[in-house]
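# Fold and geometry: a report
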Amino acid sequence: MAGDLHAYEKLLQALFAKGGELSTSAILAQVGGNLSPLAGHQVLTAISHAQLQTSNALGHIAEAHRMLEALGRKLGIDVDAFGDVLKPPASATLGMPSGGSG
């Protein structure tokens, strides 16, 4: 379950990043003269709403991490795999064995 939760979270992060790229493309099309300001603003509004929903979904996934962590603690399960934990930067763990799937 923890692996699926992380995979879903990564998909949402990729979706959010792609939305940022789409926003940039829309602005460039508007500034470049290929898209009217009126149509451009409508497109940006639609993209912004989608980005907001994606951001909300990421927040809900963070809440799922916390819920699973609390449940795991009650059940006596190691919660590092799915808990809301701080991870060290990659440079701090180079050459060291990993403690989990992160």
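See above for the structure.
Residues numbered from 1 in each chain as written. Predicted model: local features only at pLDDT ≥ 70, side-chain atom pairs only at ≥ 80, totals over all residues. Heavy atoms only, no water.

This part takes up the overall build of the protein. Assigned secondary structure in the protein consists of three helices and zero strands. When the helices and strands of the protein are placed in sequence order, the string is α-α-α. The burial tally for the protein puts 21% of its 102 residues in the buried class. In the protein, of all internal contacts separated by at least 6 residues, the share reaching a separation of at least 24 is 54%. Counting every atom, the protein has about 7,300 Å² of accessible surface; 65% of that belongs to carbon and sulfur. (Helix = DSSP H or I, 4+ residues; strand = E, 2+ residues; numbered from the N terminus. Buried < 20%, exposed > 50% of the residue type's maximum accessible area, 1.4 Å probe, protein only. Contact = heavy atoms within 4.5 Å. Areas by Shrake-Rupley, 256 points an atom, 1.4 Å probe, with all protein chains shown as cover.)

On to helix α2 (residues 37–75), then. A rise of 1.5 Å per residue sets the reference length of α2, with its 39 residues, at 57 Å; its end C-alpha atoms lie 56 Å apart and thus fit the reference within 8%. Of the surrounding secondary structure, the elements contacted by the buried residues of α2 are α1 (2–31). The positive-phi residue at the C-terminal boundary of α2 is Gly76, with phi of around 75°. (Expected span 1.5 Å × (residues − 1).)

No statement about biological role is implied by the geometric values presented.
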